[in-house]
Amino acid sequence: MAVSTTARPTSDDVMALLRGVIDPELGSDIVDLGMAKSASVDDEGVVTVTVALTTAGCPLRAQIQKDVRSRVGSAPGVTKVDIRWTEMTQDEKASAMAKARRNAAERAPETEIPATTRVVTIASGKGGVGKSSVTVNLAVALAAQGFTVGVMDADIGGFSVPRMLGLGGRLAGMEGEKKIVPHEKQVGQGLLKVVSMRFLVDEEDSAVMWRGFMLNRAVQHFVEDVRWGAMDYLLIDMPPGTGDVQMGLARMLPRAEMLIVTTPAVGAQKVAARAADMARKTYLRIAGVIENMSSFTCEHGGDYALFGSGGGAALAHDIGSPLLGQIPIEPAVSAGGDTGIPVTLGDGNGPAAEAFRTIARRIVEEAIPPVDMAGCSARLLDNVEAALGPK
Ligand SMILES: Nc1ncnc2c1ncn2[C@@H]1O[C@H](COP(=O)(O)OP(=O)(O)O)[C@@H](O)[C@H]1O
Ligand SMILES: [Mg+2]
């Protein structure tokens, strides 16, 4: 559902949104590859997008369709998304393939964030709402399901991810390269790969007086110079607000999706406005809302809405995104953050741990499913190469 008071996007806006749709096969966005041929928006907010596929039977068609619908459909003012499918001409295929090869060559394969990784930023209108706690616990809950999950601590000046995961020590650089190898932590069958500024400075409390430009350079470093390797998800713990880092990351990773963390206080209109503003400026999709610090259950079983109630649902309604879950206030969450053992680790099954696990399942099953590459990747490239004939 769209916010009715907001103006409709222009066709240029729609094309910018389509830059968030990646052809996982070719590793570039569909605008760059020339697959998004045109976009128009009528007076009713109906968007028509024409997408040319490399082959009519492209096995990724369903994925691209879903991504186009969710990207464009969640923009304010859009009432419906119609997709017209066409097939590329031989010339268009040739230039798309050349482009894909050029892009692939430009990226050092070991350091890139793989095209098949789902990138998720954890954001909020303000600090102290639990972004870092949510990032860390969702990462652990996803890894416990067997996924490989990257965690990028983009809160450069206020890093708390390393402490919350019990990780310290400097990151190793690769001999002779300026590449960073993330800290790894095994969780069940899954794996965490963690990068934070904490691993690059000497003291946890050494005042890191990073400002605009420097902050951005640090985050760019994390995107470009980290040997991330294979990853199903990359969770990015964002600094509070809508600043340079948010804009920079959106530019570097236009395919990222946002999760908004909020508190139950219904003074949430302001948060809603900020979140919607951030989504509009960055062209990122808000994949869901998470309400943290919901009710507190005392030892006698009484429920107390310490920070109000209904804020998550109200925000979700206002921005037209699903409320993925509510995490209660539980001393174990902050204690886990201090000891470096998140509540979701092991078989702790208090209400907060359960809430995090439920949200992780909803992310995998509905909100941001992992990219399923099974059995089509190599085949499509082969088909395209074959269709192009010998070089
Ligand atoms: N559900 C919760 N129950 C209890 N304490 C929480 C909960 N969520 C966060 N906290 C605590 O609140 C403080 C702020 O959380 P944090 O994750 O650092 O927020 P942010 O990253 O948004 O600044 C931390 O001390 C954290 O341990
Ligand atoms: Mg934080």
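No experiment lies behind these values; they were computed from the predicted model shown.

A. Fine view of the overall build of the chain. Scanning the chain from N- to C-terminus turns up 12 helices and 14 strands. Counting all 391 residues of the chain, 46% fall into the buried class. Counted over contacts in the chain with a minimum sequence separation of 6, partners at least 24 positions apart contribute 78%.

B. Geometry of the confidence of the model for the chain. Of all residues in the chain, 83% attain a pLDDT of 70 or more, and the chain-wide mean is 83. Under a pLDDT of 50 for its full length, residues 374-379 has, in the predicted model, 3 contacts with residues more than four places off or in other chains.

C. Summary view of the nonpolar core. In this structure, Val-49, Val-120, Ala-139, Val-149, Leu-235 and Ile-236 are the most contacted members of the largest nonpolar core, which totals 111 residues. Per-element tally for this core: the top contributor is helix H4 (residues 131-144), with 9 residues. For this core, the domains that each give at least three residues are domain 1 (11-108 + 372-388) and domain 2 (118-367). Contacts of Val-49, omitting those with residues within four sequence positions, involve Val-14, Leu-18, Ala-36, Ala-39, Val-68, Val-72, Val-81 and Ile-83.

D. Here's a closer look at unusual backbone geometry. Positive phi is not limited to glycine here, since Met-293 has a value of about 60°. The residue Met-293 is located in strand S12 (residues 285-297) in this model.

E. Structural context of the sheet that holds strand S4 (residues 46-53). Ordered in space as S3-S4-S5, the 3 strands form an open sheet in which the pairing is mixed. Two strands bound the open sheet, and with one partner strand each, they are strand S3 (36-41) and strand S5 (80-87). Strand after strand, the sheet turns through a mean of 15° between neighbouring axes, direction not considered. Of the strand pairs in this sheet, S4 and S5 are connected by 8 bridges, and their pairing is parallel. Bridging from a neighbouring strand, Val-47 pairs with Val-81 of S5. Here helix H1 (residues 11-18) sits on the sheet in contact with S3 and S4, set at roughly 135° to S3.

F. Here's a closer look at the environment of Gly-57. Along the chain, Gly-57 falls in the loop between S4 and helix H2 (61-73). Distance in space between the C-alpha atoms of Gly-57 and Glu-87 is 9.5 Å, their sequence separation being 30 residues.

G. Region of the structure containing the site of ligand 1. With respect to spatial proximity, 18 residues lie near ligand 1, and among them Gly-130, Lys-131, Ser-132, Ser-133 and Ser-334 are the closest. Taken together, the elements giving at least two residues each to the shell around ligand 1 come down to H4, S12, strand S14 (323-329) and helix H10 (331-339).

H. Region of the structure containing the packing of H1 against H2. Remark: H1 packs on H2, axes separated minimally by 9 Å, with the N-to-C direction vectors making an angle of 130°. In this view, H1 runs oblique relative to H2, as classed from their interaxial angle. Between H1 and H2 lies a crossing whose hand is right-handed. Across from Val-14, Leu-17 and Leu-18 in H1, the residues of H2 making contact are Val-68, Arg-71 and Val-72. The residue makeup of the contact of H1 with H2, split by class, is 5 nonpolar, no polar and 1 charged.

I. Quick look at the pairing of S4. Pairing between S3 and S4: 5 bridges, direction antiparallel. Looking at S4, one finds that Val-41 is bridged to Val-47. Hairpin geometry of S3 and S4 is characterised by an intervening segment of 4 residues between the two adjacent antiparallel strands and by a positive phi of about 85° at Gly-45. The parallel pair S4 and S5 is bridged by H2, and the resulting crossover is right-handed.

J. Layout of helix H9 (residues 311-319). Taken together, the buried positions of H9 are Gly-311, Gly-312, Ala-314, Leu-315, Ala-316 and Ile-319. Downstream of H9 by a residue or two, Gly-320 has a phi angle that is positive, lying close to 70°.

K. Structural context of the environment of Arg-274. Take Arg-274: it is sitting in helix H8 (residues 269-282). For the pair Arg-274 and Gly-125, spaced 149 residues apart in sequence, the C-alpha separation works out to 6.0 Å.

L. Structural view of the pairing of strand S9 (residues 190-195). Of all 6 residues that make up S9, 5 are buried, and the element is covered over most of its length. Pairing between strand S7 (residues 148-153) and S9: 5 bridges, direction parallel. Directly across from Met-152, in S9, lies its bridge partner Val-195. Two elements, strand S8 (residues 183-187) and S9, share 5 bridges in a ladder whose sense is antiparallel. Directly across from His-183, in S9, lies its bridge partner Val-194. Taking the residues that link successive antiparallel strands as the turn, the S8-S9 hairpin has 2 residues, and the phi of Gly-188 there is positive, at about 55°.

M. Spotlight on H4. For H4, which comprises 14 residues, the first-to-last C-alpha distance of 20 Å matches the rise-based estimate of 20 Å (1.5 Å per residue) to within 8%. Most of H4 is tucked away: 14 of the 14 residues are buried. Of the residues flanking the end of H4, it is Gly-146, one or two places downstream, whose phi is positive at about 100°.

N. The packing of H4 against helix H11 (residues 351-367), seen in detail. At a minimum axis distance of 9 Å, the contact between H4 and H11 shows a crossing angle of 65°. Taken as axis vectors, H4 and H11 run roughly perpendicular relative to one another. The two elements H4 and H11 meet at a crossing, and its hand is right-handed. Across the interface between the two elements, Asn-137, Leu-138, Ala-141 and Leu-142 of H4 pack against Phe-356, Arg-357, Ile-359 and Ala-360 of H11.

Calculation rules
- Residues numbered from 1 in each chain as written.
- Chains lettered and ligands numbered in written order.
- Predicted model: local features only at pLDDT ≥ 70, side-chain atom pairs only at ≥ 80, totals over all residues.
- Helix = DSSP H or I, 4+ residues; strand = E, 2+ residues; numbered from the N terminus.
- Buried ≥ 20, exposed ≤ 12 C-beta atoms within 10 Å, placed from the backbone.
- Contact = placed C-beta atoms within 7 Å.
- pLDDT = per-residue confidence, 0-100.
- Core = buried A, V, L, I, M, F, W, Y, C linked by C-beta atoms within 7 Å.
- Domains from an automatic or database assignment.
- Pairing = 2+ DSSP bridges.
- Axes fitted to C-alpha atoms, helices over the stretch in contact; angles between N-to-C directions.
- Near = placed C-beta within 6 Å.
- Parallel < 35°, antiparallel > 145°, perpendicular 65-115°, else oblique.
- Left-handed = near helix turned anticlockwise from the far one by under 90°.
- Nonpolar A, V, L, I, M, F, W, Y, C, P; charged D, E, K, R; others polar.
- Right-handed = clockwise from strand over helix to strand, strands pointing away.
- Expected span 1.5 Å × (residues − 1).

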